[in-house]
Amino acid sequence: DRPLLEVRNLCVTLPVGERKLYAVRDISFTLERGEALGVVGESGSGKSMTSLALMNLLPRNAIREADVLRLGEQDLLAMDRQEFSRSLAGKRMAMIFQEPMTSLNPVYTIGQQIMEMTAPSLAKTAKDIRDRAVYLLERIGIPDAAGRLKQYPHELSGGLRQRVMIAMMLMNEPDLLIADEPTTALDVTVQASILKLLMELRKELGMALILVSHDLGVVSQSMDKIAVMYAGELVETGPVADVLGAPQHPYTQGLLASIPAARDGGARLPSIPGTVPALFAEPKGCVFAQRCIHVQAECRTSRPPEQSLGETHLYRCVMTPDSHRLSLATPPSA
Ligand code: ATP
Ligand code: MG
């Protein structure tokens, strides 16, 4: 059986002035039906570019390449933008963005926009669609849902607008929802309640989810798998418990250490010094070499291999679990 989503060696490049930016490089992962993947990484690491590449929504001048990009039986590489948006977008695959105002049309009511995205068919009458819209809006925590259908986006708060967007994207019961930091524009308590409802609805609908998040706590509590991105690469991925329980890539280790008392109430460690580089040339060695406390000579000259720990826990680094233990025991003197 095919996985729901199969991504192999996805690359995104785009021209920036005279130069070519390597925004996403050789990303591979799979997602089963109903599975939830959390994508983490610092600003500029390529999380949004990856999401947009899957949804065929990259900037027009970007180039997307991959060996495999499939949703079930559908070859996404064979579909152009129009075909994708006609047959899959908002139906089998949907995406919600950070700022809901930009995705809602200000001149139509909430109800009109929901009806439009769910065109009545033989199976669904206009009344069915309206009932479902009201059900979803209520489910996602919108009081007086029926009344909201007559309102315009500007009449709603940011939190309500984002809830409306989520309800809209769930109307067609997509197989996969991609949520790119869907709650970062909202205040913290609203964030938590929206995420909780999103997780419940995901289970209810058996929908797979890719959640881009800055919050490792959310990812560790609610996701099945995690993907850690750095400078356009996927440096480590696997089941959440495996990756966060025994992180292998020095970047993942640094990320975890930078969370205050993240685990075991342990001592606070400094966060990783430096910033994510934007790559304007294909890197020769490891993308993390400049910031890595375990860096070795070969890391600067050749790309580290992808290694695995068990079947599903993958990381791109020269270190093996054994060499790790050694070098952690004897910190570098530099
Ligand atoms: P954040 O956490 O800030 O949302 P991100 O991980 O989503 O970051 P991306 O937006 O995917 O990062 O950016 C990846 C790279 O692509 C970065 O170097 C960024 O500067 C660059 N980039 C993003 N959008 C564009 C664009 N429209 N044109 C050119 N470069 C872009
Ligand atoms: Mg982003």
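Residues numbered from 1 in each chain as written. Chains lettered and ligands numbered in written order. Predicted model: local features only at pLDDT ≥ 70, side-chain atom pairs only at ≥ 80, totals over all residues. Heavy atoms only, no water.

> Give a detailed account of the pairing of strand E3 (residues 36-40), specifying residues and quantitative values.
Successive side chains on a regular strand alternate, one facing one side of the sheet and the next facing the other. In terms of burial, E3 is a largely internal element, five of the five residues being buried. Of the two faces of E3, both are covered, the one formed by Ala-36, Gly-38 and Val-40 as well as the one formed by Leu-37 and Val-39. Pairing of E3 with strand E9 (residues 208-212) involves four bridges; the strand directions are parallel. Residue pairing for E9: Gly-38 is matched across the bridge by Leu-211. Looking at chain direction, E3 and strand E10 (residues 225-230) are connected through four bridges and run parallel. (Buried < 20%, exposed > 50% of the residue type's maximum accessible area, 1.4 Å probe, protein only. Helix = DSSP H or I, 4+ residues; strand = E, 2+ residues; numbered from the N terminus. Pairing = 2+ DSSP bridges.)

> Talk me through the side chain of Ser-213; I want residue IDs and the actual numbers.
With respect to the secondary-structure elements, Ser-213 resides in the loop between E9 and helix H9 (216-222). Looking at Ser-213, its side chain comes within polar contact range of the main-chain nitrogen of Asp-215, at 2.9 Å. With residues near it in sequence (within four places) discarded, Ser-213 still touches Val-39, Val-40, Val-218 and Val-219. (Polar contact = N/O pair within 3.5 Å; in protein donor to acceptor, adjacent residues only side chain to side chain. Contact = heavy atoms within 4.5 Å.)

> Account for the site of ligand 1, with residues named and values stated.
Near ligand 1 lie 15 residues; those nearest to it are Ser-43, Gly-44, Lys-47, Ser-48 and Met-49. Ser-45 has a polar backbone atom sitting 3.2 Å from an oxygen atom of ligand 1. Ser-48 places a side-chain nitrogen or oxygen 2.8 Å from an oxygen atom of ligand 1. Compared with its free state, where it exposes 630 Å², ligand 1 has 65% of that area covered by protein. The set of elements that each furnish at least two residues to the shell around ligand 1 consists of strand E1 (5-16), strand E2 (19-31) and helix H1 (47-54). (Near = heavy atom within 4 Å. Areas by Shrake-Rupley, 256 points an atom, 1.4 Å probe, with all protein chains shown as cover.)

> Kindly report on the pairing of E9, identifying the contributing residues and their values.
Among the five residues of E9, five are classified as buried, and the element is accordingly described as predominantly covered. Neither face of E9 is left uncovered, since the one carrying Ala-208, Ile-210 and Val-212 and the one carrying Leu-209 and Leu-211 both have all their residues buried. Looking at chain direction, strand E8 (residues 176-180) and E9 are connected through five bridges and run parallel. Its bridge partner lying in E9, Ala-179 is registered against Leu-211.

> Help me get a handle on helix H11 (residues 250-257), residues and values and all.
Of all eight residues in H11, seven are buried; the element is thus mostly enclosed. Residues of H11 that are buried: Pro-250, Tyr-251, Thr-252, Gln-253, Gly-254, Leu-255 and Leu-256.

> Can you tell me about the pattern of salt bridges, naming the residues and giving the values?
Applying the stated criterion across every chain, the model contains 15 salt bridges. Note that Asp-26 and Arg-303 form a salt bridge whose closest N and O atoms lie 2.7 Å from each other. Placement of Asp-26 in strand E2 and of Arg-303 in the loop between H11 and strand E12 (306-309) is noted, with a sequence separation of 277 residues between them. Arg-303 sits in the partly exposed class, given a relative accessible area of 25%. In this structure, Glu-200 engages Lys-196 in a salt bridge whose closest nitrogen and oxygen atoms are separated by 3.4 Å. In this pair, Glu-200 and Lys-196 both sit in helix H8 (residues 188-205), four residues apart, roughly one turn of the helix. By relative accessible area, Lys-196 is classed as exposed at 54%. (Salt bridge = Lys/Arg side-chain N within 4 Å of Asp/Glu carboxyl O.)

None of the figures reported here should be taken as evidence of function without further support.
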